[in-house]
Amino acid sequence: MAIIYPPTSFSFIVNGVSTLEGIDSQFQSVSGLSTEIETEEYAEGGENRFKHQLPTRAKYPNLILKRGMIQSSGLISWCREAMENFNFETRDLIITLNGGVGSSAPLMVWNVVGAYPVKWEISEFHAEENKLAIETVELKYQYFTIPTIPKI
(Lines give C-alpha, C1' and ligand atoms only; values in the text may rest on other atoms or scores of the structure.)
Protein backbone atom coordinates (compact mmCIF):
# COMPACT_ATOMS: atom_id res chain seq x y z
CA MET A 1 0.00 0.00 0.00
CA ALA A 2 1.33 3.42 -0.94
CA ILE A 3 1.87 5.94 1.83
CA ILE A 4 -0.50 8.88 1.47
CA TYR A 5 1.15 12.01 2.83
CA PRO A 6 -0.26 14.35 3.77
CA PRO A 7 -3.66 12.67 4.00
CA THR A 8 -6.77 14.51 2.89
CA SER A 9 -9.59 15.00 5.38
CA PHE A 10 -12.66 15.06 3.15
CA SER A 11 -13.41 11.32 3.00
CA PHE A 12 -14.66 10.12 6.37
CA ILE A 13 -17.59 8.31 7.93
CA VAL A 14 -19.12 8.23 11.43
CA ASN A 15 -20.64 4.91 12.49
CA GLY A 16 -22.67 4.19 15.60
CA VAL A 17 -24.65 7.41 16.00
CA SER A 18 -27.86 5.52 15.38
CA THR A 19 -29.13 2.11 14.55
CA LEU A 20 -29.70 3.41 11.03
CA GLU A 21 -26.58 3.69 8.91
CA GLY A 22 -26.26 5.41 5.55
CA ILE A 23 -27.58 8.97 5.84
CA ASP A 24 -26.90 9.03 9.59
CA SER A 25 -23.20 8.34 9.07
CA GLN A 26 -22.55 11.11 6.52
CA PHE A 27 -21.50 14.49 7.85
CA GLN A 28 -20.13 17.74 6.44
CA SER A 29 -17.60 18.04 9.23
CA VAL A 30 -16.40 16.44 12.46
CA SER A 31 -14.39 18.31 15.09
CA GLY A 32 -13.38 17.70 18.68
CA LEU A 33 -11.01 14.78 18.21
CA SER A 34 -8.32 16.10 20.48
CA THR A 35 -7.01 15.50 23.96
CA GLU A 36 -5.15 17.56 26.50
CA ILE A 37 -3.43 16.55 29.72
CA GLU A 38 -4.46 18.59 32.75
CA THR A 39 -1.74 19.48 35.21
CA GLU A 40 -1.57 20.32 38.87
CA GLU A 41 0.90 22.77 40.35
CA TYR A 42 3.05 21.63 43.24
CA ALA A 43 5.21 24.08 45.17
CA GLU A 44 8.28 22.39 46.59
CA GLY A 45 9.53 23.79 49.89
CA GLY A 46 12.82 25.62 49.45
CA GLU A 47 12.53 25.83 45.63
CA ASN A 48 11.27 29.32 44.81
CA ARG A 49 12.28 29.57 41.13
CA PHE A 50 9.35 27.48 39.80
CA LYS A 51 6.44 25.23 40.68
CA HIS A 52 6.37 21.64 39.51
CA GLN A 53 3.67 20.84 36.94
CA LEU A 54 2.40 17.30 37.50
CA PRO A 55 0.13 15.53 34.99
CA THR A 56 -3.30 14.53 36.39
CA ARG A 57 -5.74 13.29 33.73
CA ALA A 58 -6.71 13.64 30.10
CA LYS A 59 -9.40 16.10 29.06
CA TYR A 60 -11.49 15.77 25.88
CA PRO A 61 -13.55 18.53 24.22
CA ASN A 62 -17.05 18.01 22.85
CA LEU A 63 -17.38 16.14 19.56
CA ILE A 64 -19.15 18.35 16.99
CA LEU A 65 -20.91 16.81 13.98
CA LYS A 66 -22.33 19.01 11.19
CA ARG A 67 -24.47 18.08 8.20
CA GLY A 68 -27.35 19.27 6.06
CA MET A 69 -30.61 19.18 8.02
CA ILE A 70 -32.56 15.93 7.75
CA GLN A 71 -36.23 15.88 8.72
CA SER A 72 -36.26 12.44 10.28
CA SER A 73 -33.32 10.32 11.34
CA GLY A 74 -32.14 8.02 14.08
CA LEU A 75 -29.55 10.61 15.15
CA ILE A 76 -32.19 13.28 15.66
CA SER A 77 -34.49 10.84 17.48
CA TRP A 78 -31.59 10.04 19.83
CA CYS A 79 -30.97 13.77 20.43
CA ARG A 80 -34.65 14.56 20.97
CA GLU A 81 -35.01 11.69 23.44
CA ALA A 82 -32.16 13.21 25.48
CA MET A 83 -33.25 16.85 25.15
CA GLU A 84 -37.02 16.46 25.51
CA ASN A 85 -37.33 13.47 27.86
CA PHE A 86 -33.97 13.73 29.66
CA ASN A 87 -33.35 10.09 28.75
CA PHE A 88 -29.65 9.74 27.95
CA GLU A 89 -28.35 6.65 26.18
CA THR A 90 -24.60 6.57 25.59
CA ARG A 91 -23.23 5.25 22.33
CA ASP A 92 -19.78 4.29 21.12
CA LEU A 93 -18.85 5.83 17.77
CA ILE A 94 -16.30 4.88 15.17
CA ILE A 95 -14.90 7.70 13.05
CA THR A 96 -12.95 6.50 10.04
CA LEU A 97 -10.72 8.66 7.83
CA ASN A 98 -10.54 7.03 4.40
CA GLY A 99 -7.69 7.06 1.91
CA GLY A 100 -9.10 9.78 -0.33
CA VAL A 101 -10.34 9.75 -3.92
CA GLY A 102 -11.15 6.26 -5.17
CA SER A 103 -10.03 4.57 -1.96
CA SER A 104 -12.22 3.20 0.80
CA ALA A 105 -9.29 1.80 2.80
CA PRO A 106 -9.12 3.41 6.25
CA LEU A 107 -6.07 5.54 7.01
CA MET A 108 -7.00 6.10 10.64
CA VAL A 109 -9.81 5.15 13.02
CA TRP A 110 -10.99 6.78 16.25
CA ASN A 111 -13.13 4.77 18.69
CA VAL A 112 -15.14 7.31 20.68
CA VAL A 113 -16.44 5.86 23.94
CA GLY A 114 -19.59 6.83 25.85
CA ALA A 115 -20.97 9.64 23.67
CA TYR A 116 -24.28 11.36 24.41
CA PRO A 117 -25.90 14.52 22.99
CA VAL A 118 -25.63 17.82 24.86
CA LYS A 119 -26.56 20.31 22.12
CA TRP A 120 -28.54 20.32 18.88
CA GLU A 121 -28.63 23.42 16.71
CA ILE A 122 -30.03 24.46 13.33
CA SER A 123 -28.24 27.18 11.38
CA GLU A 124 -29.77 30.62 11.01
CA PHE A 125 -32.61 31.05 8.50
CA HIS A 126 -32.03 34.09 6.30
CA ALA A 127 -34.42 35.22 3.54
CA GLU A 128 -31.70 37.04 1.59
CA GLU A 129 -29.30 34.10 1.32
CA ASN A 130 -29.52 30.82 -0.55
CA LYS A 131 -27.68 28.50 1.88
CA LEU A 132 -28.27 25.00 3.15
CA ALA A 133 -29.91 24.51 6.53
CA ILE A 134 -27.12 22.93 8.60
CA GLU A 135 -27.76 21.02 11.79
CA THR A 136 -25.04 20.75 14.41
CA VAL A 137 -24.99 18.02 17.04
CA GLU A 138 -22.61 18.36 19.97
CA LEU A 139 -21.71 15.25 21.96
CA LYS A 140 -19.90 14.75 25.27
CA TYR A 141 -17.80 11.61 25.45
CA GLN A 142 -15.52 9.89 27.93
CA TYR A 143 -12.46 9.32 25.77
CA PHE A 144 -11.28 7.96 22.43
CA THR A 145 -8.74 5.38 21.35
CA ILE A 146 -6.87 5.02 18.07
CA PRO A 147 -6.47 1.35 17.18
CA THR A 148 -3.65 0.23 14.91
CA ILE A 149 -4.79 -0.45 11.36
CA PRO A 150 -3.08 -3.44 9.74
CA LYS A 151 -1.03 -2.56 6.65
CA ILE A 152 -2.18 -4.17 3.43
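Whatever comes next refers back to the structure up there.
Conventions we followed
Within every chain, residues take consecutive numbers counted from 1 along the sequence as written. Reporting of local features is limited, given that this is a predicted model, to residues whose pLDDT is at least 70; pairs of side-chain atoms are given and counted only at 80 or more, and all residues count toward the totals for whole chains, interfaces and linings. Excluding hydrogens and water, the side-chain figures rest on all heavy atoms present in the structure. Helix numbering and strand numbering both begin at the N terminus, where a helix is a DSSP run of H or I of at least 4 residues and a strand a DSSP run of E of at least 2. Residue contacts are defined here by distance: any two heavy atoms, one from each residue, within 4.5 Å place the two residues in contact. What a helix should span is 1.5 Å times the count of its residues minus one. The buried label applies to any residue whose accessible area, calculated with a 1.4 Å probe on protein chains only, is under 20% of its type's maximum; exposed applies above 50%, and partly exposed to all values in between. By nonpolar core we mean a set of buried residues, namely Ala, Val, Leu, Ile, Met, Phe, Trp, Tyr and Cys, connected to one another through side-chain atoms within 4.5 Å. We define a salt bridge as a contact between a side-chain nitrogen of Lys or Arg and a carboxyl oxygen of Asp or Glu at a distance within 4 Å. By convention, a stacked pair of Phe, Tyr or Trp rings (six-membered ring in the case of Trp) has centres within 6.5 Å and planes under 30 degrees apart, an edge-to-face pair has planes over 60 apart, and any other such pair is tilted.

The next point concerns the environment of I37. Turning to its location among the elements, I37 is positioned in strand β3 (residues 36-42). Placed 17 residues apart in sequence, I37 and L54 show a C-alpha to C-alpha distance of 9.8 Å. Among residues more than four places away in sequence, those in contact with I37 are P55, T56, R57 and A58.

What follows concerns helix α1 (residues 74-85). Given a rise of 1.5 Å per residue, twelve residues ought to cover 16 Å, and the 16 Å separating the end C-alpha atoms of α1 matches this to within 8%. Residues of α1 that are buried: G74, L75, I76, W78, C79 and A82. Lining the buried residues of α1 we find β5 (63-68), β6 (91-98), β7 (106-122) and β8 (134-140).

Ranked by size, the top nonpolar core spans 19 residues in total, and within it L63, L75, V112 and L139 carry the most contacts. For this core, the elements supplying multiple residues, two or more each, are β1 (12-15), β5, α1, β6, β7 and β8. No other element matches α1, which puts four residues into this core. When sequence neighbours within four positions are dropped, the list of residues in contact with V112 reads L33, L63, R91, D92, L93, I95, Y141, Y143 and F144.

What follows is about the pattern of salt bridges. The tally for this structure, following the rule as stated, stands at six salt bridges. Salt-bridge contacts for E47 lead to R49; the nearest nitrogen and oxygen are separated by 2.9 Å. Owing to a relative accessible area of 72%, R49 belongs among the exposed residues under this scheme. With its nearest N and O atoms 2.7 Å apart, the salt bridge here joins R67 to E135.

A few words now on the packing of aromatic side chains. Inspection of every chain in the model, using the stated rule, returns five aromatic pairs. Taken together, a centroid distance of 5.8 Å and an interplanar angle of 85° make the contact between F88 and Y116 edge-to-face. You can see F88 sitting in the loop between α1 and β6 and its partner Y116 sitting in strand β7, a full 28 residues away along the chain. Of the residues examined, Y116 reaches a relative accessible area of 30% and is grouped as partly exposed. On the numbers, 6.4 Å between centres and 40° between planes, the contact of Y141 with F144 is tilted. Looking at Y141, the relative accessible area reads 8%, which means it is buried. A residue is classified by how much of its surface remains accessible, and F144, at 11% relative accessible area, is buried. Every member of this aromatic cluster is reached through a ring pair, and the members are Y60, Y141 and F144.

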